[in-house]
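# Descriptive structure summary
Each chain is listed here by its residues.
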Amino acid sequence: MKFDDPKKVRPHANLYIDIGATSKQDALKMGVEVGTPVTWATKSRFIGPEDKQLIVGKALDDRAGCAVLLSVLDEIDKQEFAGEIVFLFTVQEEVGLRGAQTAINGLEDVDVAIAIDTTAVSDTPEETMDQSLFLGDGTGIKVLDFSLIVQKSILEELKKIAAQEEIIHQMEVFPGIGTDGGAVALANKGIPTGVLSIPSRYAHSPVEAISLSDLIATKELVKAFIFNLTDNTKFTFQYIMEEDQHDNT
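### Looking at the overall build of the chain
Within the chain, the regular secondary structure consists of six helices and eight strands. If you list the helices and strands of the chain from N to C, you get α-β-β-α-α-β-β-β-α-β-α-β-β-α. If you line up the chain on its principal axes, its C-alpha atoms span 80 × 50 × 45 Å. For the chain, with 249 residues in total, the buried portion stands at 36%. Long-range contacts, defined as pairs at least 24 residues apart, comprise 72% of the intrachain contacts of the chain with a sequence gap of at least 6. In the structure as shown, the chain presents an accessible area of about 16700 Å², 54% of it carried by carbon and sulfur atoms.

### As for the packing of helix H2 (residues 60-75) against helix H6 (residues 212-228)
The N-to-C vectors of H2 and H6 enclose an angle of 45 degrees; their axes lie 9 Å apart at closest approach. Viewed along their axes, H2 and H6 adopt a mutual orientation that is oblique. Classified by chirality, the crossing of H6 by H2 is right-handed. Contacts between H2 and H6 pair Ala64, Val68, Ser71, Val72 and Glu75 from the former with Leu215, Thr218, Lys219, Glu220, Val222, Lys223 and Ile226 from the latter. Grouping the amino acids of the contact of H2 with H6 by side-chain chemistry returns six nonpolar, two polar and four charged.

### Overview of the environment of Thr118
Among the secondary structure elements, Thr118 is positioned in strand S3 (residues 113-120). According to the relative accessible area criterion, Thr118 is buried, its value standing at 7%. Between the alpha carbons of Thr118 and Asp61 there is a distance of 5.7 Å; along the sequence they are 57 residues apart. Among all residues touching Thr118, those that are not within four sequence positions of it are Leu60, Asp61, Asp62, Ala64, Ile198 and Ser200. Of the polar contacts made by the side chain of Thr118, one reaches the side chain of Asp61; its length is 3.4 Å.

### Details of the side chain of Lys219
For Lys219, the location among the structural elements is in helix H6. Overall, the relative accessible area of 12% leaves Lys219 in the buried class. In terms of polar contacts, Lys219 uses its side chain to reach the side chain of Glu220, at 2.7 Å. Ignoring sequence-local partners within four residues, the contact set of Lys219 consists of Val68, Ser71, Val72 and Glu75.

### Some thoughts on the side chain of Lys142
Mapped onto the elements of the fold, Lys142 is located in strand S4 (residues 139-145). Judged by relative accessible area, Lys142 falls into the buried class, the value being 1%. Among the polar contacts listed, one links the side chain of Lys142 to the side chain of Glu172, at a separation of 3.1 Å. Not counting chain neighbours up to four residues away, the residues in contact with Lys142 comprise Val150, Leu155, Glu172, Ile177, Thr179, Val195 and Ser197.

### Some words on H2
For H2, built from 16 residues, the straight-helix expectation of 22 Å at 1.5 Å per residue is met to within 8% by its first-to-last C-alpha distance of 21 Å. Listed in full, the buried residues belonging to H2 are Leu60, Asp61, Ala64, Gly65, Val68, Leu69 and Val72. Along H2, the residues classed as buried sweep out an arc of 165 degrees about the axis, all on the same side. Each element contacted by the buried residues of H2 is listed here: strand S2 (54-57), S3, strand S7 (193-201), strand S8 (208-211) and H6.

Definitions and cut-offs
Residues numbered from 1 in each chain as written. Predicted model: local features only at pLDDT ≥ 70, side-chain atom pairs only at ≥ 80, totals over all residues. Heavy atoms only, no water. Helix = DSSP H or I, 4+ residues; strand = E, 2+ residues; numbered from the N terminus. Buried < 20%, exposed > 50% of the residue type's maximum accessible area, 1.4 Å probe, protein only. Contact = heavy atoms within 4.5 Å. Areas by Shrake-Rupley, 256 points an atom, 1.4 Å probe, with all protein chains shown as cover. Axes fitted to C-alpha atoms, helices over the stretch in contact; angles between N-to-C directions. Parallel < 35°, antiparallel > 145°, perpendicular 65-115°, else oblique. Left-handed = near helix turned anticlockwise from the far one by under 90°. Nonpolar A, V, L, I, M, F, W, Y, C, P; charged D, E, K, R; others polar. Polar contact = N/O pair within 3.5 Å; in protein donor to acceptor, adjacent residues only side chain to side chain. Expected span 1.5 Å × (residues − 1). Arc of directions from axis to C-beta.

Dropping the structure here:
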């Protein structure tokens, strides 16, 4: 972007991809038509020192979340835990939390949910960064975003377990984004929902970056949350009504 005239930069709707075609017929012969999907061709790789390795690649939002769920699924296999666990891998989160809405409404009697997503860090040199969320400082325990205010009982439970298990973590307040957790929380008369966020740089670019240690911390906290559940664990809201003895009406 030229700082003297930023209007010269095309908006995303006017960008184009050069595939070497010289006409519409050329494009059609190459198998390219209206609706043909495209994606970045970037290959994932590790960068940085071995003790602080970063993973760089495309679509880590939310391939990173899928990797966490798959790892948890593999590591808890054949182990004992309370209740039944359902793993949902959803689509179209970026265009309205659509997959999560459809999937969660197909389930009944859900007691608690944890969404896994990435979140933007604020540790780079841009002026707008506030240095409140850092790559390498652990999984982000969501407090709120524009789609969800996390229920206090779940928030406190995640914080307590992270401290007990010595899992590196940081608190996340980010009003500028939403996650599938927002859709899940509104389903089936309200499902108590928390969110664990994998800190990320350069979101929605071909070179998103996450920390391997943050990825592992997220996985470990999901596992610890599962194994801390009991048959009597409840996250539902509790309303306590006290009769006013001075009220004779």
